[in-house]
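# Coordinate inspection notes
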Amino acid sequence: GVGAFLVLTIIVGSFVTPYFAVSSNISFVIQDIGEIAIIALPMAFLIIAGEIDLSVASTLNLSSAAIGYSFRHGIPFWMCVLIGLLVGLTCGLINGILVTKFGLQSLAVTIGTLALFRGLCYVLLGNEPVNQMPDSWVKLGYTNIPHTFLPYSVILIVILGAAAWITLHYTRFGRWTFALGINADAAKFSGIPVARMKLALFAMTGLMSGVAGIVYTFRFASASPNGATGFELAVIASVLFGGVSIAGGVGTMWGVLAAVLELGVIRSVLQLIDVSANALLIVSGGLLLISVVLPRAIEISRSHRKISTQ
């Protein structure tokens, strides 16, 4: 269904505006969804396992802010990038420890860290963005691969997407992830290290948010305290619209990747026909609502049909 909807949207977009199916816009769409795609991959694992992380956008921006803060204070830029990754991993570990060691609900924990990490961005940068960064580095975020219309970020998306696909569907780690979402207690009695698995999933989500923070910093050639606002909504909407069940235990990686691309295509079409930014937020919220309501409506319909046949 997601794949068919994506094809339909591309066809409609091509008819609605002549500027949609051109190489420059395709490049823009890939750049626009880069950070969302990178975070959606580990988020799919996390939701399939029955957990969620609402702090991913704040983690992304805190990693970006850490890069800007470090560079402002004279640290070599390659070390600033490593610091950004370390900050993302640390944020994920904080969430994971609070959930696994203290037995707290991930929804409540990550609502709190969402605000905490966002506040730390202002502590690091104040109200002044850092926008003087080495062009030899940041040009990777806004230029294309030589002799192509594809941005450099597509290399990262393809590698991470393939790795996530193989891990989820063809490895023991992936099978354990599904087992956690179906029944964590049964998984524990089956010998699966539930706490370590969840901690690893949160750490992976934080680390990939740090990677997305680097991509975000390169793309805009700056670090600001208020960046990536609303990205968590786009990530979760894409994951759920891609077929991952909010209750856990169900999902496919190809569905998530198709849904991320679908979101990017819809956003591009709306921007090309001069729809406001508020409407783009409505699209993300609408996809999220459809993703939650539609499976439940189908389940109720099947139950009614089963009762009527009996």
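### Some remarks on the side chain of Ser-222
Position of Ser-222 among the secondary structure elements: in the loop between α10 (194-220) and α11 (231-241). Those residues within four positions of Ser-222 in sequence are excluded, and the remaining contacts are Ser-64, Val-130, Asn-131, Met-133 and Thr-217.

### Quick notes on the pattern of salt bridges
Any two side chains of opposite charge can pair, on the condition that their charged atoms come close. Considering all chains together, one arrives at 3 salt bridges under this definition. Note that Arg-267 is salt-bridged to Asp-32, the shortest N-O span being 3.1 Å. Taken as a pair, Arg-267 in helix α12 (residues 253-272) and Asp-32 in helix α2 (residues 23-48) lie far apart in primary sequence, 235 residues in all. A relative accessible area of 8% places Asp-32 in the buried class. When the shortest N-O distance is used, the salt bridge between Arg-219 and Glu-35 registers 2.9 Å. Here Arg-219, found in helix α10, pairs with Glu-35, found in helix α2; they are 184 residues apart in sequence, far enough to count as distant. Of the residues examined, Arg-219 reaches a relative accessible area of 15% and is grouped as buried.

### Brief notes about α12
Over its 20 residues, α12 extends 29 Å from the first C-alpha to the last, a length consistent with the 28 Å expected when each residue adds 1.5 Å. Judged by how many residues are buried, α12 sits mostly within the fold: 15 of 20 residues are covered. At the C-terminal side of α12, Asp-274 shows a positive phi close to 65 degrees.

### Thoughts on the state of the cysteines
For the structure shown, the criterion picks out 0 disulfides. In this model Cys-121 remains outside any disulfide bridge; the closest cysteine sulfur is found in Cys-91, 8.6 Å from its own. Note on Cys-121: relative accessible area 0%, which makes it buried.

### Observations regarding a nonpolar patch on the surface
Among the surface-exposed residues, Phe-5, Leu-8, Val-12, Val-16 and Ile-273 lie close enough to one another that they form a single nonpolar patch of about 400 Å² accessible area. Note on placement: Ile-273 falls in the loop between α12 and α13 (277-309).

Thresholds, definitions, all that
Residues numbered from 1 in each chain as written. Predicted model: local features only at pLDDT ≥ 70, side-chain atom pairs only at ≥ 80, totals over all residues. Heavy atoms only, no water. Helix = DSSP H or I, 4+ residues; strand = E, 2+ residues; numbered from the N terminus. Contact = heavy atoms within 4.5 Å. Salt bridge = Lys/Arg side-chain N within 4 Å of Asp/Glu carboxyl O. Buried < 20%, exposed > 50% of the residue type's maximum accessible area, 1.4 Å probe, protein only. Expected span 1.5 Å × (residues − 1). Disulfide = S-S within 2.5 Å. Patch = residues over 30% accessible without salt bridge, like charges linked within 9 Å, V, L, I, M, F, W, Y side chains within 5 Å. Areas by Shrake-Rupley, 256 points an atom, 1.4 Å probe, with all protein chains shown as cover.

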